[in-house]
Amino acid sequence: MTPEENLKLITRRLDEVIGEDRMMTILKERPLKIYWGTATTGKPHVAYFVPMTKIADFLKAGCEVTILLADLHAYLDNMKAPWELIQFRTKYYEAVIKAMLSAIGVSTEKLRFVQGTSYQLGTKFTDDMYKLAAMVTEHDAKKAGAEVVKQIEAPFQSGLLYPGLQALDEEYLGVDAQFGGVDQRKIFTYAEKYLPKLGYQKRSHLMNPMVPGLSGGKMSSSEIDSKIDLLDSAKAVEDKLSGATCDPSSPDNGVMAFVNYVVFPVLESQGKSFELCSGQNFSSFEQLQASFIDGKVHGGDIKKFVIKFLNKLLEHIRKEFEKPELQELVKRAYPLSSQVQVCPAAHEAKKFGEAKELTIEGLSLDDRVNLMSKNLALTPPSTLNTAFNYSPHVLWTVPITRRPELGMLGHIAKVRDFLAAGCHVTVVTSDIISYLDGCQVPWDVAPHRAEYFIELIKAVMSTNEIPLENVKFIKGSDFQKNEDYVLDLYRMTALVTCKDSNDSVSTVLRDPNLLSALLYPDMMALDEKHLQANIHFCGAKHVPLFDFTEKNIPLVGGVPCIHLSGAELPTLLNRAALTPEEEFIDLIEQEAQLKKKLKSAFCEEGNINFNPVLSLVNVVIMPLLGEEKFRITRSEENGGDLEFESFQNLEGVFAQKNLHPGDLKNSVLEYIKRFINPISKATGTPLMKKLQSKAYPPPPKKTKGSQKTAGDSDDFLPSKFNMVVGKIVEISRHPEADSLYVEKIDIGEDEPRTIVSGLVKFIPIEEMQERMVVVLANLKPATMRGVRSAGMVLCASVSEPAAVEPLQPAPGSKPGDRVLAEGYEGEPDSVLNTKKSNALVKMLEGFRTNGLLTATWNGNILSTSSGPVTVASLKDAPIK
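For clarity, every value in this text was computed on a predicted model and none was experimentally measured. (Residues numbered from 1 in each chain as written. Predicted model: local features only at pLDDT ≥ 70, side-chain atom pairs only at ≥ 80, totals over all residues. Heavy atoms only, no water.)

Taking strand neighbours across the sheet as the criterion, the five strands line up as β11-β10-β9-β12-β13 in an open arrangement whose pairing is parallel. Edge positions in the sheet fall to β11 (471-475) and β13 (562-566), since each has one partner strand and no second. Taking each pair of neighbouring strands and ignoring which way they run, the sheet shows an average axis angle of 20 degrees. Helix-sheet contacts for helix α18 (residues 446-463) involve β9 (393-399), β10 (424-430) and β11, and the interaxial angle to β11 is about 160 degrees. (Pairing = 2+ DSSP bridges. Helix = DSSP H or I, 4+ residues; strand = E, 2+ residues; numbered from the N terminus. Axes fitted to C-alpha atoms, helices over the stretch in contact; angles between N-to-C directions. Contact = heavy atoms within 4.5 Å.)

Here you go:
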């Protein structure tokens, strides 16, 4: 068949098609790749014949068809399928779908079945799940799943993850189009919106109508009277259909819909017609429907035909399932409720290691508890001593959203206490969790920053003579992508309500409205389980998460930790800061900047309610000093030196105005220098500098005056470029230059543009003919060796070894389609101002390909309405 005939077969009887042009473009080159997914929940019923008849069409049209057995989706949809039964239900679905297709005469040899968890728990898919969650608002995710995910008063987190995972399936199954019911339209448009933001192509979407149930409304596995099971007896089928409504006053009833979307397609494939017992014969549904509405055909006669037709199809399936192994599979997939056995991990808390001796050398249990309890933001729980019934293991969670600040020294001093009390300590630098906190750390930067924090903490501990042998350092990404962790995360989202998550993070995260905000508390809780900690230490701002963890971690077999909160430093100022850097002191602050910050720090005489300088003493200096007294150095005329064994004594003297803020600041400055100078020296090595440059890469270079466009004062924006899709319709060698092509390129204008390109050495002429390219179309025309050129073909290029590749518009793009950088949708300049010799070079500086072969401007993806612009193989290459 021709591509046009194949497309007609693929799209017939559908309710809606999105991206038909994209499909036609592909069909002209190769077979279309389509997938249909089904969540392995309740037993499939006869309405499943509706997608089966379309799958028959797809196969007849030469398509490569994949059926996704969406086991993970099934679990996420409010746990319709208990996790312990899903593997059996997945096998049942595959067996019954094969039997259905066989019953309607369709071979399954070219059909591919894929189990969702075969790739959805993999590292790359998990990366994309995390990235997508940080792009999408909770509102958008809820809206996308509104027609598919069961809506309840207190929705679970999983219902909001569901649409994103289905969108990602399109990429990971390697398909061109997804097929589903029209009830999934919002998920399909969600996929079209967000896949390009991840650098992936838009897919086309094929939507079947929703077939009403026998009692009206949607035919559902959960509504027994609305559906006919595929293994129902012939008598049950007759009884259900006999009682179904089939009245001309409601011609779109469930029986007539089944006739339209199942009976006629099957009859057509068999070369048969719809023949009633009265002798009336119909070759199309439209004929039957018209006679039915006019009263020429009785609904009872139609039902008799359907009963006979359907029982004949189902008889094939019944016989197939007489096999002992399939009968056993049905029992295991859908046992009686009394036979369902819940996995012990779902309700039994994981036990910690064997009990250890309650004392270590020279320390009693009380001594150890006292060490653990001091210098905390909040009084520890009374159960702290129970941590020593087992091997005490402290988890310290370190966010990496900002630069390392001086307050970290106070937490490291606390780690010294934990070690002295006989604990093992695991330090987690939270790269993924910090990314989920409003994308404050770019995804590609986060692992480097986490590594930098680890080495910095080691350096601080070493300079303060804190032993490292009982400390383990790990990045979040080292274990939060592991299959067992990710599966636990999905399980937790299916058990925890959105409200519980929202309540715990509303004051903690930068943007609690993002979908990623729901995952944040789950992962903080799961870290405790998967790192087998029984004490969790983190900054005081995370205190709202403690109640969440204690309530919800048992749902996935975890034991709540004892939670300890470290004190945190307030901002240095009592006013709004001009820049974030003003608010805190960096851990490796330069001395001149340190003096400047302390000088401007708020320290009102006698004020102990808000005093950042006093807080530095309380949170950082005294904890690090340990048994050493804190000393104020001042002249004799100002009262002489002072020494303090406790912060309370210092606070009391300051409150009575017996200590001047200037003297306090001077002493604090000396102590901070004492602490950070060795750290600065230790982190001044080439290795640490390299780590730091990766952790905090410089921002893109700002344009100077010569980089401004159109002769005005506005900085360059990519929207000023009129980048459009073009198709090379004619090409020849330049008559005067061996290295140049002269191209006629259709960019959607009345006549093709003539453009000269220096691509002869890199791309054969036959590969240029009919090629789709991206053209910069608002350059001032220039004469190149006697030929006037009105634009430029944009290419990625590298010098070593020399290679050039034209940008490739997304499949389905048409000549004249605008290419835009994500977030920059303004009108282009009529003509770019390139009078200065390097103006165009400067404008192009931010354009390059990324590691996914996607074209970008300063990290923002270039795309048409059909999807992102890509290149064949040149990664991280400049575009010009």
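What follows concerns the packing of helix α3 (residues 49-60) against helix α11 (residues 254-270). The N-to-C vectors of α3 and α11 enclose an angle of 40 degrees; their axes lie 8 Å apart at closest approach. Considered as vectors, α3 and α11 are oriented oblique to each other. In the packing of α3 onto α11, the handedness of the crossing is left-handed. Mapping the contact onto sequence places Phe49, Val50 and Thr53 in α3 and Tyr261, Val262, Pro265 and Val266 in α11. Looking at the contact of α3 with α11, its residues break down into six nonpolar, one polar and no charged. (Parallel < 35°, antiparallel > 145°, perpendicular 65-115°, else oblique. Left-handed = near helix turned anticlockwise from the far one by under 90°. Nonpolar A, V, L, I, M, F, W, Y, C, P; charged D, E, K, R; others polar.)

So, about the packing of helix α24 (residues 612-625) against helix α25 (residues 647-655). The description of two helices packed together rests on the angle between their axes and the distance between the axes. In the contact formed by α24 and α25, the axes pass within 11 Å of each other and the chain directions differ by 165 degrees. Judged on the interaxial angle alone, α25 and α24 are roughly antiparallel. In this structure, α24 meets α25 at a crossing whose hand is right-handed. Taking contact as the criterion, the partners of Leu614, Val617, Asn618 and Met622 in α24 are, on α25, Phe647, Leu650 and Phe654. Looking at the contact of α24 with α25 residue by residue, the classes come out as six nonpolar, one polar and no charged.

Overall, the coordinates contain 26 aromatic pairs when judged by the stated rule. Relative to tryptophan 857, the ring of phenylalanine 847 lies with its centre 6.4 Å away and its plane at 50 degrees, an arrangement referred to as tilted. Taken together, the residues span a long stretch of sequence, with phenylalanine 847 in strand β26 (residues 847-849) and tryptophan 857 in strand β27 (residues 855-857) at a distance of 10 residues. An aromatic cluster is present here, built from Trp36, Tyr48, Tyr92, Tyr93, Phe321 and Tyr334 joined pairwise through their rings. (Phe/Tyr/Trp six-rings, centres within 6.5 Å; stacked < 30°, edge-to-face > 60°.)

Before going further, it helps to spend a moment on the pattern of salt bridges. Under the criterion given, the structure shown has 41 salt bridges. Aspartate 239 is paired through a salt bridge with lysine 235; the nearest N and O atoms lie 2.8 Å apart. Note that aspartate 239 and lysine 235 are positioned in helix α10 (residues 234-242) at a spacing of four residues, about one turn of the helix. Salt bridges sharing common partners tie together Arg12, Arg13, Lys54, Asp57 and Glu268. (Salt bridge = Lys/Arg side-chain N within 4 Å of Asp/Glu carboxyl O.)

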